[in-house]
Amino acid sequence: MDPTHHRPEEHGHGGRAQDHHDDHDSPAPPPRPRDPLTPDFGQPAPALARTVRLVSGDFLLTVNPVDGSEIEPCPPGERPDRPTRRTAAERAALRRAAAPPVPPGPALPRLPLLERQEERERLVRLLARGRSVRLTGPAGSGRTALLDAVADDCADLAPDGVVRLCGYRKTPGELLYDLCATVYDAPLLRPERSLLLELVRDIGAVVVLDDLEFGGAGLDELLDATPECAFLLSATPDVAAPSADSRLDEVFLAGLGRGSTLELLERAVGRVLDDEEANWAGDLWFESEGLPLRFVQAGALLRQRDQLRADPHAFEKNGHFTQATAQTSAQATAQTSADAPFDAPVDDGGADVPLPSLADGAAPAALLASRLSPSARDTLKFAVALGGELPHQAHLPALVGDTHADAALAELVGCALVTAVGSRYRLAAGVRAQLEGSGYADEAAEYARTAAQHYAWWAGHPSVTPERVAAEADAVQAALAALVTSESGAAVLLARTAAPAFAGGLHWGAWERALRSGQEAARNAGEVAEEAYFHHELGVLALCGGQLDRARAELEASIGLRGALADKRGMISGRRALALVADRSGGTPPGGRTAAGEELPEARYEESASPLGGVPAAFAPPGPSAEAVTLVAGKAVPGAGPVPSRRSLLGGTRRNLVAAGAGALLAVVLGTVVTLGATSDGDRPDGDRVKTEQSAREDRDGGGQSADEPPRDFTDGPRDPGRDGVVGTADDPKPSASGAPSGRPSTSAEPSRKPTNGPTGEPTDKPTGKPTDEPTDKPTDKPTDKPTDKPTDKPTDKPTDPPTTPPTNPPTTQAPPSSPDTSDSASGPAGSP
């Protein structure tokens, strides 16, 4: 984004309404320079994106506002040194830099601290003994002024001096980081949780914490982490109380007495009050319960009344008119009491301007604002639109459109409409509600949109440092909160430019809040690419904080959205961060990747992938000598979740992949061997089939391998049925001695291992026909549907007594089948010639 090419009216800067490109009388602006082909042509290079490299724990984080932050393990050479303590002079300079800006113009008088001496001495005594104290009082009771006085008294009590912190919208973790950054010098380093606790444990300081917003367990966490610190906490009664065992001393701050309020009012006005004004102040004391803020604002009302009595037209240029000033305009013009000092009594000959009503004294914001300058009133409208946050005075000229608008801060501080909160200003207690009732919120959406456009332009400018953007975090977040639902596009742009600056400025609490607001706005606006960016940044932030489950969810959402958009660079960045999450959690990231980001191989088409329901058991013939084959397969357990997918089955280590592949291959081989005979064609003659008991042997003449001839005793019964006429009974004639195998006789239960040949060396018997449906005592031509009673012997690779004469028609050479699909491709011997 180039901030030098935006029109002023696009960001609320004022200027002409028409586009300067449409004005033919004015010269056209010069075109933007092209990217130089070579660097020595003298053309200016385009502005690079503002990236920041910082160390968070053992990670090296590169904040990239374009594609998303890059996170990687920090190399040894990039690791910073251990943080060092700041000196007293460095702490003093840092404290002066963190103070709220001084309003321009003459210095305002410092009001005294009335009726607080007892509380002041008590707080100093408790802090000197190392005790922590909580000061509780309503808004506007003067808690901040009392803290300033106590901090000056305790400057030399602790080794690390006094540390001023602001707890407005801060968590215990953020306050610990603020305390560490105040005492230790650690540029571009955000310590991890363990190092942070180690550093703050050694801090010995008096910590003055104003505007605390939490109690209970959060307050216990803060106190337990800093045992060497003494805390002076300031909170309102609506904040949660400390726990019972927190060992905190409580000091309650009430309103001032009537006499003290009259004295404070006279100091604020600058003169002695008359009887009428004193009676009015007494009624105001009863109405406001003695809150000092109300009397400071009442003093501003009386000063404005004095100016009107001196000059009825004093506020005419500001648009304020009253009936009383119009009637006495001629008389007031002749008076010269405007030159009289404030401490002098008012002349009786002045204009008769009535006192403000009691209602105006109790809620004076609308009346005070009506007598301010137009720039001050516009500033109040911006503050109301931003939820009470006042933009820095350096932004007021650009927002209001007046080069002298920064002087409006002095008017607002002088009227006590704003109060200091940390290093900035915001509307005082009750002022926002009073201004909203007077119509200052009617154009809140327009003012919020103007502020968002300005901050988006300013935060993305290369000349603005991340620390300056982090100092304006509250106003930026208020603009985001106001536009998330109404102006989602403007909110996305602001979050997109401000969030990287918050990260680079080490204000990670504001970074997280800006990312979540931007994510919601992007979802409302339908900007998928921006939503993916915010998911990625939230995942990186969670990874830096050690929240692995949240980091994994955010990064997976970002990768999914960027995958739908074909954003390759964004997906690579997200996968790298997801690999670090898997490395920290000790697992393999989803998507088949190792912890180092290496992809696991997918199951190819030739590999055997495990089915979803597990691997089915292979067929094994039963029998006493059959070996049980055990296959380890996944089995779905009821209540154990969904069946794992194919990718998740392959998401383990390489050793598991090899074992799974070997088991699957074994199941295929066993199924092939067992079912070979069952899948052959029974209509073809037995001599044209390769049977399971045949083995391949190599021909002696070098002609390759050939299938052994089937043994006649194993497949064919004798031709003579015997006396009973039934083939296969005990009275069938036995084979001749010459045809029997040497070493043991051939029986029907144990077939011979070699074929029986006749005198000519040719087989004498032929197959008997097709196998029967029922099993018999002898094995048939083909394995039947039911296994036999006894298992057959495995065929040997070579017969014990080869035939003396080779067959007339040699068998076809055939290798052992490799799959069930080739069971019918081989043929056996042709039989007798």
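Here the structure is a predicted model, which means the values were calculated and not measured.

**Notes on the overall build of the protein**
Move 1: Within the protein, the secondary structure is distributed over 28 helices and 15 strands.
Move 2: In the protein, which comprises 833 residues, the proportion classed as buried is 41%.
Move 3: Of the contacts made within the protein by residues no fewer than 6 positions apart, 69% connect residues no fewer than 24 positions apart.

**Some thoughts on unusual backbone geometry**
Move 1: Despite not being glycine, D211 shows a phi value in the positive range, around 60°.
Move 2: Positionally, D211 belongs in the loop between β9 (206-210) and α6 (217-225).
Move 3: Backbone geometry places E289, a non-glycine residue, at a positive phi of 60°.
Move 4: By secondary structure assignment, the location of E289 is in the loop between α8 (275-288) and α9 (292-310).

**Brief notes about α6**
Two residues of an α-helix separated by three or four positions point the same way, owing to the 3.6 residues in each turn.
Move 1: Among the residues of α6, those classed as buried are G218, L219, D220, L222, L223 and A225.
Move 2: Those residues of α6 that are buried lie in contact with β5 (132-136), α4 (172-183), α5 (193-201), β9, β10 (230-235) and β11 (248-252).

**Observations regarding the nonpolar core**
Move 1: Among the nonpolar cores identified, the biggest contains 63 residues, and L61, I71, L494, F502, W508 and W511 are the most heavily contacted of them.
Move 2: It is helix α21 (residues 488-504) that contributes the most residues to this core, ten residues altogether.
Move 3: Non-local contacts of W511, meaning those with residues more than four positions away in its chain, are made with L61, S69, A499, F502, A503, E537 and L541.
Move 4: Of all hydrophobic cores here, the second largest spans 40 residues; its members include A376, L390, A416 and Y425.

**Describing the environment of R513**
Move 1: When you line up the elements, R513 lands in helix α22 (residues 508-525).
Move 2: Judged by its relative accessible area of 28%, R513 is partly exposed.
Move 3: A C-alpha to C-alpha distance of 9.9 Å links R513 and L538, two positions 25 residues apart in sequence.
Move 4: If we ignore the near neighbours within four places in the chain, the residues touching R513 are R169, E174, Q477 and H507.

**A word on the side chain of E554**
Move 1: Residue position: E554 is located in helix α24 (residues 548-564).
Move 2: Buried within the structure, E554 lacks any salt-bridge partner; R516 is the closest side chain of opposite charge, at an N-O distance of 4.4 Å.
Move 3: Polar side-chain contacts of E554 include one of 2.7 Å to the side chain of H535.
Move 4: Apart from the residues lying within four places of it in its own chain, the contact partners of E554 are R516, H535, L538 and G539.

**Side note on the pairing of strand β12 (residues 418-421)**
Along a regular strand, successive side chains alternate from one face of the sheet to the other.
Move 1: Pairing of β12 with strand β13 (residues 424-427), which is carried by four bridges, proceeds in the antiparallel orientation. Each bridged residue has a counterpart across the sheet, and for A420 the counterpart in β13 is Y425.
Move 2: What sits between the antiparallel neighbours β12 and β13 is a turn of two residues, in which G422 has the positive phi angle 70°.

**Notes on a negative patch on the surface**
Move 1: On the surface, D274, D275, E276 and D352 cluster together to form a negatively charged patch.
Move 2: Topologically, D352 is positioned in the loop between α11 (329-333) and α12 (358-362).
Move 3: Relative accessible area serves as the criterion here: at 61%, D352 is assigned to the exposed category.

**Details of the pairing of β10**
Move 1: Most of β10 sits out of view: six of its six residues are buried.
Move 2: Going residue by residue along β10, you find A230, L232 and S234 tucked away on one face and F231, L233 and A235 tucked away on the opposite face as well.
Move 3: Note: β5 against β10, four bridges, orientation parallel. The residue bridging R134 from the neighbouring strand is L233, located in β10.

**Section: the packing of aromatic side chains**
Move 1: Under the counting rule described, the total for this entry stands at four aromatic pairs.
Move 2: Between F382 and Y447 the ring centres are 4.7 Å apart and the planes differ by 80°, which places this aromatic pair in the edge-to-face class. Residue F382 is found in helix α14 (residues 374-385), and its partner Y447 is found in helix α18 (residues 444-459); the two are separated by 65 residues along the sequence.
Move 3: The class of F382 is buried, set by a relative accessible area of 3%.
Move 4: On the basis of relative accessible area, Y447 is assigned to the buried category, the value being 13%.

**Thoughts on the sheet that holds β5**
Move 1: The strand order across the open sheet built from five strands is β6-β9-β10-β5-β11, with neighbouring strands paired in parallel fashion. Every interior strand has two partners, whereas the edge strands, β6 (162-166) and β11, have only one. Taken pair by pair, the neighbouring strands of this sheet meet at an average axis angle of 15°, ignoring direction.
Move 2: With five bridges connecting them, β5 and β11 associate as parallel partners. By the bridge assignment for β11, S132 is matched with L248.
Move 3: Of the strands in this sheet, β5, β9, β10 and β11 touch helix α2 (residues 117-128), which is tilted by about 175° from β11.
Move 4: In the packing of α4 onto the sheet, the strands contacted are β6 and β9, and the crossing angle to β6 comes to about 145°.

Definitions and limits used
Residues numbered from 1 in each chain as written. Predicted model: local features only at pLDDT ≥ 70, side-chain atom pairs only at ≥ 80, totals over all residues. Heavy atoms only, no water. Helix = DSSP H or I, 4+ residues; strand = E, 2+ residues; numbered from the N terminus. Buried < 20%, exposed > 50% of the residue type's maximum accessible area, 1.4 Å probe, protein only. Contact = heavy atoms within 4.5 Å. Core = buried A, V, L, I, M, F, W, Y, C linked by side-chain atoms within 4.5 Å. Lys, Arg positive; Asp, Glu negative; His and termini not counted. Salt bridge = Lys/Arg side-chain N within 4 Å of Asp/Glu carboxyl O. Polar contact = N/O pair within 3.5 Å; in protein donor to acceptor, adjacent residues only side chain to side chain. Pairing = 2+ DSSP bridges. Patch = residues over 30% accessible without salt bridge, like charges linked within 9 Å, V, L, I, M, F, W, Y side chains within 5 Å. Areas by Shrake-Rupley, 256 points an atom, 1.4 Å probe, with all protein chains shown as cover. Charge placed at Lys NZ, Arg CZ, Asp CG, Glu CD. Phe/Tyr/Trp six-rings, centres within 6.5 Å; stacked < 30°, edge-to-face > 60°. Axes fitted to C-alpha atoms, helices over the stretch in contact; angles between N-to-C directions.

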